Every structure is written in C-alpha cells, then in structure tokens.
Amino acid sequence: MFHSIGKKIVLLDEVDSTNNFAAKLLLEGKLVPGTVIMADHQTEGRGQRTAVWVSDAGENMLFSVIFEHDNMAVANQFQLSQMIALSIVHFLRKIGIPAKIKWPNDVLVNKKKIAGVLIENQLAGGLVRSSVVGIGINANQLQFEITTATSIRKELDEFKPIQELLYQFIGSFNELTEKIHSQEELQSNYLQELFGYKEILQYEDDQGEFAGEIIDVAADGRLIVLKNGVAVKYDLKEISLLLV
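Now for a quick tour of the structure.

**Some words on the overall build of the protein**
Alright, step 1. Helices and strands together make up the secondary structure of the protein, namely five helices and 12 strands.
Alright, step 2. In terms of overall dimensions, the protein has a C-alpha envelope of 50 × 45 × 35 Å along the principal axes.
Alright, step 3. Taking all 244 residues of the protein together, the buried fraction comes to 49%.
Alright, step 4. The long-range fraction of contacts in the protein, counting pairs at least 24 apart against all pairs at least 6 apart in sequence, stands at 64%.
Alright, step 5. Carbon and sulfur atoms make up 49% of the accessible area of the protein, which totals about 11,900 Å².
Alright, step 6. Treating the 23 positive side-chain charges of the protein as one cloud and the 32 negative ones as another, the clouds have centres 2 Å apart.

**Some thoughts on the packing of helix H2 (residues 78–94) against helix H4 (residues 162–179)**
Alright, step 1. Close contact between H2 and H4 brings their axes to 8 Å; oriented N to C, the two are set at 120°. Taken together, H2 and H4 sit at an angle that is classed as oblique. Judged by the twist between their axes, the crossing of H2 over H4 is right-handed. Across the interface between the two elements, Met83, Ile84, Leu86, Ser87, Ile88, His90, Phe91 and Lys94 from H2 touch Leu165, Gln168, Phe169, Ser172, Phe173, Glu175, Leu176 and Thr177 from H4.
Alright, step 2. Here the residues of the contact of H2 with H4 sort into nine nonpolar, five polar and two charged.

**Considering the nonpolar core**
Alright, step 1. Phe63, Ile88 and Leu92 are the most contacted members of the largest nonpolar core, which has 60 residues in total.
Alright, step 2. In terms of residues, this core owes the most to one element, H2, which gives 10 residues.
Alright, step 3. Setting aside its immediate chain neighbours within four residues, Ile88 contacts Val107, Ala115, Val117, Ile135, Ile137 and Phe169.
Alright, step 4. Counting 11 residues, the second-largest nonpolar core is a separate cluster that includes Val15, Ala22, Leu25 and Ile66.

**Quick look at the side chain of Lys160**
Alright, step 1. Here Lys160 lies in the loop between helix H3 (152–156) and H4.
Alright, step 2. Aside from chain neighbours lying at most four places away, what touches Lys160 is Asn140, Ile152 and Leu165.

**Notes on the pairing of strand E5 (residues 106–109)**
Alright, step 1. On E5, burial covers both faces: Asp106 and Leu108 on one face and Val107 and Val109 on the other are all buried.
Alright, step 2. Taken together, the three bridges between strand E4 (residues 100–102) and E5 define a ladder with antiparallel strand orientation. Residue pairing for E5: Lys102 is matched across the bridge by Asp106.
Alright, step 3. What sits between the antiparallel neighbours E4 and E5 is a turn of three residues.
Alright, step 4. With three bridges connecting them, E5 and strand E6 (residues 112–124) associate as antiparallel partners. Bridge pairing in E6 links Val109 to Lys112.

How each quantity is defined
- Residues numbered from 1 in each chain as written.
- Predicted model: local features only at pLDDT ≥ 70, side-chain atom pairs only at ≥ 80, totals over all residues.
- Heavy atoms only, no water.
- Helix = DSSP H or I, 4+ residues; strand = E, 2+ residues; numbered from the N terminus.
- Buried < 20%, exposed > 50% of the residue type's maximum accessible area, 1.4 Å probe, protein only.
- Contact = heavy atoms within 4.5 Å.
- Areas by Shrake-Rupley, 256 points an atom, 1.4 Å probe, with all protein chains shown as cover.
- Lys, Arg positive; Asp, Glu negative; His and termini not counted.
- Charge placed at Lys NZ, Arg CZ, Asp CG, Glu CD.
- Axes fitted to C-alpha atoms, helices over the stretch in contact; angles between N-to-C directions.
- Parallel < 35°, antiparallel > 145°, perpendicular 65-115°, else oblique.
- Left-handed = near helix turned anticlockwise from the far one by under 90°.
- Nonpolar A, V, L, I, M, F, W, Y, C, P; charged D, E, K, R; others polar.
- Core = buried A, V, L, I, M, F, W, Y, C linked by side-chain atoms within 4.5 Å.
- Pairing = 2+ DSSP bridges.

In short, geometric facts, not functional conclusions.
Written as structure tokens, this is what we have:
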C-alpha cells in the first residue's frame, strides 16, 4: 500500500517546522519520495488543528516524512494516518513500551501521550498526490508542562540516542509496508491497536458527557461510537475521550 521510507535522511540542527521545510523543498522538486527530515529543535512545531507541539531542544524525535502516492483517492487519505500511527505503536513495542493509538493518530502509553502526528496533503482533483507527515515522539525529555505526557526515557528509565531511535522507527514502518497489503488488513490492524475499541468509556460531545463504546472507524476517518444504543459518527474535535 505504501512505499518504504528512509533511503535519504536529512538532519537539521534547528528549523521552524520540519513540515514547512519539507513542503518547501517538495514544491521546488528537491526531495525524493520517502525522504525523512529530522531536526534537533523546532521553533514553531505544530500539531493537529492549529495546536502547538512543545518540545525541549535535542531531546525528542521531531521529523517529517515525504510521501508521493500512485493513485490515492481523497476518500482514502485516512489510510496514511492509520499506517503512521500503527508504525509508531509497533516501533515503541519493539523497544519495550506497550502503546495504543488514541483516535485518530495520537499514541498513548498508560493513558499518557507519547507521540503526535500532523499530516498535510497536496491534492489534485480527487487524488492525493503527495503528503508531508510530521511526527513528534517524546524521547529523552523528562519534564513536561502537563501531567498527561510521557517519553521513552520516562517509561524505560534509559537514555536512547535520537538517531538510533529514528532508524528503528524507519525499520518498523518498512516492516509494516511488507506485511499490510490491503485496506482490510490495515483497518483490522488499526482497530486492534485502538485505545477504547469495544470498551465502554466516558466521552464528551456537544451534548455533554456520556458512556460510549467505539465500534468502528469509517473509511473517511470518522470515529463511530455507540451512544445510547445508536451508532454515531464523529469528526475530529466533535468528541473527546475523558481519560481518568
């Protein structure tokens, strides 16, 4: 479904955003598909929907990956989000950290956020021509402004070189590209790793708090939650999982 990544790796000391840097070079035709760009520090790191990604310099994995797609319909663009989130979970598991996906593509360890993803697609007609995927994984940072964050070092009580971790992530992604060959396989793997799947948990939508159960994720990425016996589809920011 996806091509391998990491044949070319660009290492930067500091940049406003690796996604911005990648998008500029992609526009200029200076990047090959699968290129990985990593920075020690981002001065303007971004998360989903205008959120800011705060990270201490030199302590975390801050990188972007360039994808060019053969024939991806806009309706199927969520597949890339699923693949990236799965790759992060598999990478963390291989180094000894059990993780789960928090819909749509955050990654949790013991209900604390360890990774986030920002995907920016370039569209042409009804197709996704290319994507810049920004990934932030907390690696060696120990102190956070919020209590709901964790890192590889906090979980393992061990310092790990950032570049070594990057190579391990690339390996995990490439392994999955060899194992997953269809949308059905991708969906099945994603649901298996999704936090709260087929569990009754507390959520909040525009009508207030309720006990709900994730029963599926639609092809367009919307979360399907069983609420009061009715299957309801939610887009990003329309529902919140209340972690306790």
